[in-house]
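Working through the structure, step by step
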Amino acid sequence: MSTPDYQRILDEIRAELRPLLAQGEVANYIPRLASVPRGKFGMAVVTLDGQLYRTGDADEPFSIQSISKVYTLTLALQAVGERLWERVGREPSGSAFNSLVQLEVEHGVPRNPFINAGALVVADVVLGSHADARADLLATVRGCAANPDLRDDPEVAASEQAHGYRNAALANFIRSFDNLAQPIDAVLDFYFYQCSLAMSCVDLARGFLFLANQGRCPWSGKALLSPDLAKRINALMLTCGTYDAAGDFAYHVGMPAKSGVGGGIVAVIPGKLAIAVWSPALNAKGNSLAGSLALERFTSKTGLSIF
Ligand code: GLN
């Protein structure tokens, strides 16, 4: 198959979706996210042979939020390997990303690492296995994205901290089942920090290319994960990466992907490319509305997907 004209396709998608940027709701659970202009739209594709294509606001950093859960999962798997699954499940939840309902029947073992409950347990594992978890996370993300200037946004983290009642409830509830080892405040603090990392579409496409490359960072040549574990993270992104819309997303888009309430979605086609999109207004499931459609159009127009 000849290489698709990625640049033309990205520009086309951006033009086609412009009228849709007025729809959906920008995340408003914290003021810092509510003030992001809904008209923003960016996309970037990075191929394994090193080509970069971008359109719109692809270089503007935004809050990656839940996308960070892929990086903390990477650190946790590096540290404890498959033992992680004694404390977190691997099944799609079918409930909202911040739901508490399943935790009680599941005795404090969250359904998967990408719902908030699961990410809190993963954060606990990372804290317990790293002397300076923040610094190691930041260094990992910077290395993956090949961007030494990438940083967190303390205002976003402080805003989450001030409004984080539900996450605090989740952490306390999990702790009541003895599934958190570190102090609850430390777990929440690290979780809010990871969510506050700011990345552009270009950063994210570069930063996820290791998952299209069998776990190996294409820039440094460093293996972050074994090919086996990289495959498993991709499987989890396909089944759980877009919250309770993962089935629909797999049906329409056909790529392992992770979304965040900042309006970003990043997806990979193993052996081929990573693609990121950003549009702040969300659909009812908390995924970027135009972003989800943009990825669907991308796989339709290019004929690429994992299937
Ligand atoms: N910081 C957000 C929260 O914990 C992240 C959720 C998300 O992006 N889905 O609610």
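Residues numbered from 1 in each chain as written. Predicted model: local features only at pLDDT ≥ 70, side-chain atom pairs only at ≥ 80, totals over all residues. Heavy atoms only, no water.

The name recorded for the protein in an unreviewed UniProt entry is Glutaminase, from Dyella ginsengisoli. Word for word, the UniProt comment on the protein under Catalytic activity (unreviewed entry) is "L-glutamine + H2O = L-glutamate + NH4(+)". (UniProt positions renumbered as here; feature names shortened; annotations may be inferred.)

By secondary structure assignment, the location of Asn147 is in the loop between α6 (133-145) and β5 (151-152). On the basis of relative accessible area, Asn147 is assigned to the buried category, the value being 17%. Within the structure, Asn147 has its side chain in polar contact with the side chain of Asp203 (distance 3.0 Å). With residues up to four places along the chain from it excluded, the contact list for Asn147 reads Arg142 and Asp203. (Helix = DSSP H or I, 4+ residues; strand = E, 2+ residues; numbered from the N terminus. Buried < 20%, exposed > 50% of the residue type's maximum accessible area, 1.4 Å probe, protein only. Polar contact = N/O pair within 3.5 Å; in protein donor to acceptor, adjacent residues only side chain to side chain. Contact = heavy atoms within 4.5 Å.)

Attention now goes to the site of the ligand. Around the ligand, the structure places Tyr29, Gln65, Ser66, Phe97, Asn116, Glu160, Asn167, Tyr191, Cys195, Tyr243, Gly260 and Val261. Compared with its free state, where it exposes 300 Å², the ligand has 97% of that area covered by protein. (Near = heavy atom within 4 Å. Areas by Shrake-Rupley, 256 points an atom, 1.4 Å probe, with all protein chains shown as cover.)

Pairing is antiparallel in the open sheet, where 5 strands are placed in the order β3-β2-β9-β8-β7. Here the strands that pair on one side only, and so sit at the sheet edges, are β3 (52-56) and β7 (257-259). Here the strands of the sheet are splayed against their neighbours by 10° on average, with no regard to which way each runs. The pairing of strand β2 (residues 42-47) with β3 spans 5 bridges and is antiparallel. Across the sheet, the residue bridging to Val45 is Tyr53, located in β3. Packed on one face of the sheet, helix α1 (residues 6-17) meets β2, β3 and β9 (273-278) and runs near 20° to β3. (Pairing = 2+ DSSP bridges. Axes fitted to C-alpha atoms, helices over the stretch in contact; angles between N-to-C directions.)

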